[in-house]
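Single-letter residue listing:
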Amino acid sequence: MFVQIKDIKDYIHKCNVEKLPITYDDKMEVNLFGNKVLVERNEWLWHLHLKLTDVCNAKCFFCVEQNAERCENAEYFVKQVDEMLTEMENAGILYSVSVTGGEPLLFKEFDKLCDVLRNHNIKFLTMNTNGKYLEDNLDKIDGLFDFVDISRHAISDKRNNEIFNTYMPSLFDLKCIKGKLVETKMRLQCVLCDANTIEDVLEMIDAYSFADDLSFRKLMKLSDHSGIKYDDKEKLYNEILEYAYNHFELVEQTIQDYYVYEIWKYKDTLITFSYSNMKMLSEVEKIEDDHVCREFIIHPDGTISGSWNKNMKVIKS
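From a predicted model like this one, the values you see are computed outputs, not experimental measurements.

Here's the deal with the packing of aromatic side chains
Moving on, step 1. All chains considered together, the criterion is met by 8 aromatic pairs.
Moving on, step 2. Centre to centre, the rings of F77 and F107 are 5.5 Å apart; their planes meet at 65°, and the pair counts as edge-to-face. Separated by 30 residues along the polypeptide, F77 in helix α1 (residues 74-91) and F107 in the loop between β5 (96-100) and α2 (110-118) bring together distant segments of the chain.
Moving on, step 3. What links up through ring pairs into an aromatic cluster is the set Y11, Y245 and W264.
Moving on, step 4. If you follow R187 out to its NZ or CZ, it ends over the ring of F147, 4.1 Å from the centre.
Moving on, step 5. Across the ring face of F33, the terminal group of K316 is positioned such that the distance to the ring centre comes to 5.6 Å.

Spelled out as structure tokens, the structure:
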């Protein structure tokens, strides 16, 4: 299922992805590395995730990657990226790419990766980072990436460091970095782990308004075998969305399969709310056609697959 809503009259309240139908009526067949792959016809969904590394300087209690195996091959990874981008270009499905981790700026071949990314016609390129090493890499990032998404989970520098379990750039540091970015836009991403009320969220919006964009995520539902347990703040998240419905201006609500993605405008600031149900996704992938790929992921060891589980929907190992 894929739905994009831009008219507030059609807005779906408290959208529960667990109740959405999983359909493949609008899929088309493409060929990648000699493999038949079924993808959506909508270019908005042609997305490649580059999971550079599982290594991270932070130890956030809610992080889905905290139990990930450390299996990396940086040089091979860059080669795989180059080949996958070429395959997607030839198939006519290269649109958006996101660089993530771990902490991507700890990737040993980050410079070479940037060179490869420049050589391909990527329409929209983003990077997720905790910001620790961002200032030292601005010369590589500015102008190459459309957005740099920086994790920031509390207004207080002290509390933010406690959540990350290490020292992170201060709010003042981030404002300085924003001033040095000429072409690349800054988005601050906040997981709702520390907020308890709508007022807390509104305070964050005001404190982070120097950024080009803000993003708030509800903690995702994980499968039981992950061993990670926490309060996912579902009640607060739904309250915030209802507040947005009554006080913000709707830009877009996008719904597909295992996630809901909403963009609102408030005081000239664009605010994104998103939620991913990874537990549901893992269950669906066990029974669906292996040729169906709702997104592509290159894992740290270089495996290219259509799943966040590198052993499923493998396209090139």
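So, unusual backbone geometry
Moving on, step 1. Following G101, the chain continues to G102 via a peptide bond in cis, the omega torsion being 20°.
Moving on, step 2. Structurally, G102 can be placed in the loop between β5 and α2.
Moving on, step 3. Phi at K313 is positive, roughly 50°, even though this residue is not glycine.
Moving on, step 4. Within the element layout of this structure, K313 appears in the loop between β14 (304-305) and β15 (314-316).
Moving on, step 5. For K313, a relative accessible area of 6% gives the class buried.

Digging into the environment of D257
Moving on, step 1. By the element assignment, D257 lies in the loop between β10 (249-256) and β11 (259-266).
Moving on, step 2. In the structure, D257 is positioned 254 residues away from V3 in sequence and 9.7 Å away in space, judged by C-alpha atoms.

Points about the environment of M88
Moving on, step 1. Mapped onto the fold, M88 is located in helix α1.
Moving on, step 2. Leave out the neighbours within four places in its chain, and M88 touches L32, L48, I93, L94 and F296.

Description of empty space enclosed by the protein
Moving on, step 1. Counted by the stated rule, this structure contains 1 cavity of 30 Å³ or more.
Moving on, step 2. Empty space within the largest cavity amounts to approximately 30 Å³.

With respect to the pattern of salt bridges
Close approach of charged atoms allows side chains with opposite charge to pair.
Moving on, step 1. Going through the model one piece at a time under the given rule, you end up with 21 salt bridges.
Moving on, step 2. In this structure, the salt-bridge partner of R159 is D194, at a minimum N-O distance of 2.9 Å. Of this pair, R159 sits in helix α4 (residues 157-164) while D194 sits in the loop between β8 (185-191) and α6 (198-207), and the two are 35 residues apart along the sequence.
Moving on, step 3. On the basis of relative accessible area, R159 is assigned to the partly exposed category, the value being 31%.
Moving on, step 4. With a relative accessible area of 25%, D194 lands in the partly exposed category.

Some remarks on α4
Moving on, step 1. Residues of α4 that are buried: N160, N161, I163 and F164. Each buried residue of α4 lies within a common arc of 160° when the element is viewed along its axis, so the set occupies one face.
Moving on, step 2. On its buried face, α4 sits against β7 (147-151).
Moving on, step 3. You can read the cap of α4 off the contacts: a side-chain oxygen lies 3.3 Å from the backbone nitrogen of K158, and it is on S156.
Moving on, step 4. The positive-phi residue at the C-terminal boundary of α4 is N165, with phi of around 60°.

What counts and what doesn't
The numbering scheme is per chain: residues are counted from 1 as the chain's sequence reads. At least 70 in pLDDT is required for a residue's local features to be given in this predicted model, at least 80 for side-chain atom pairs to be given and counted, and no such filter applies to totals for whole chains, interfaces and linings, which use all residues. Processing note: side-chain calculations cover all non-hydrogen atoms of the structure and skip hydrogens and water entirely. Note on aromatic pairs: the rings of Phe, Tyr and Trp (six-membered ring only in Trp) are paired at centre separations within 6.5 Å, and the planes decide the class, stacked below 30 degrees, edge-to-face beyond 60, tilted for the rest. In this text, helices come from DSSP runs of H or I with a minimum length of four residues, and strands from runs of E with a minimum of two, each type numbered from the N-terminal end. Whether a charge lies above a ring is judged from NZ of Lys or CZ of Arg, which has to be within 6 Å of the ring centre and within 35 degrees of the ring normal. Using a 1.4 Å probe on the protein chains alone, a residue whose accessible area is under 20% of its type maximum counts as buried, one over 50% counts as exposed, and one in between counts as partly exposed. When checking whether two residues touch, look at their non-hydrogen atoms; a contact exists if any pair is within 4.5 Å. Cavities and pockets were defined on a 1 Å grid built over protein atoms only: a cavity is a set of grid points that admits a 1.4 Å probe from which the probe cannot escape, a pocket is an open set flanked by protein on both sides within 12 Å along at least five of seven lines, and lining residues are those with an atom within 4 Å of any such point. Grid points are joined across faces, edges and corners, and a volume is the space filled by probe spheres set on the points. Any carboxyl oxygen of Asp or Glu within 4 Å of a side-chain nitrogen of Lys or Arg constitutes a salt bridge here. By definition, the arc is the one covered by directions from the helix axis to the C-beta atoms. In protein, a polar contact requires one atom able to donate a hydrogen and another able to accept it; more generally it is a pair of N or O atoms within 3.5 Å, and residues adjacent in sequence count only if both atoms are side-chain atoms.

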